[in-house]
Amino acid sequence: MRKERSLLIIGIWVAILPFLGFPSSWRSFMFIITGLALVYLSYMFYQEYRARMPKDADNKTFTDNIGTGE
């Protein structure tokens, strides 16, 4: 399953979870598990983003394009 679809399903789950009638302790546990799943997915998105970035992009600094005045 794609990460984007998983994120959509987790979002829907969080939206309907308070209305499902679970006891308070179960609901808290389910919210904790859902939060951990969101952390894992965000880490996977971050790893994918880092893999797509060029390797030398971290070391670029701004240099002004001013002539030497010759």
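Residues numbered from 1 in each chain as written. Predicted model: local features only at pLDDT ≥ 70, side-chain atom pairs only at ≥ 80, totals over all residues. Heavy atoms only, no water.

**Re the pattern of salt bridges**
- Throughout the structure, instances matching the rule amount to one salt bridge.
- Between Arg2 and Glu4 there is a salt bridge, and its shortest N-O distance comes to 3.5 Å.
- Given the relative accessible area of 40%, Glu4 is considered partly exposed. (Salt bridge = Lys/Arg side-chain N within 4 Å of Asp/Glu carboxyl O. Buried < 20%, exposed > 50% of the residue type's maximum accessible area, 1.4 Å probe, protein only.)

**Topic: the side chain of Thr34**
- Mapped onto the secondary structure, Thr34 falls in helix 2 (residues 24–52).
- What Thr34 contacts, discounting residues up to four positions off in sequence, is Ile10, Trp13 and Val14. (Helix = DSSP H or I, 4+ residues; strand = E, 2+ residues; numbered from the N terminus. Contact = heavy atoms within 4.5 Å.)

**Quick look at the packing of helix 1 (residues 3–16) against helix 2**
- In the contact formed by helix 1 and helix 2, the axes pass within 11 Å of each other and the chain directions differ by 155°. Classed by the angle they form, the pair helix 1 and helix 2 counts as roughly antiparallel. You can see that helix 1 and helix 2 cross each other, and the crossing is left-handed. Residues Lys3, Glu4, Ser6, Leu7, Ile10, Trp13 and Val14 of helix 1 form the contact with helix 2, whose own contacting residues are Met30, Phe31, Thr34, Ala37, Leu38, Leu41, Met44, Phe45 and Glu48.
- Tallied by class, residues from the contact of helix 1 with helix 2 come to eleven nonpolar, two polar and three charged. (Axes fitted to C-alpha atoms, helices over the stretch in contact; angles between N-to-C directions. Parallel < 35°, antiparallel > 145°, perpendicular 65-115°, else oblique. Left-handed = near helix turned anticlockwise from the far one by under 90°. Nonpolar A, V, L, I, M, F, W, Y, C, P; charged D, E, K, R; others polar.)

Limitation: the analysis is restricted to geometry and does not speak to function.
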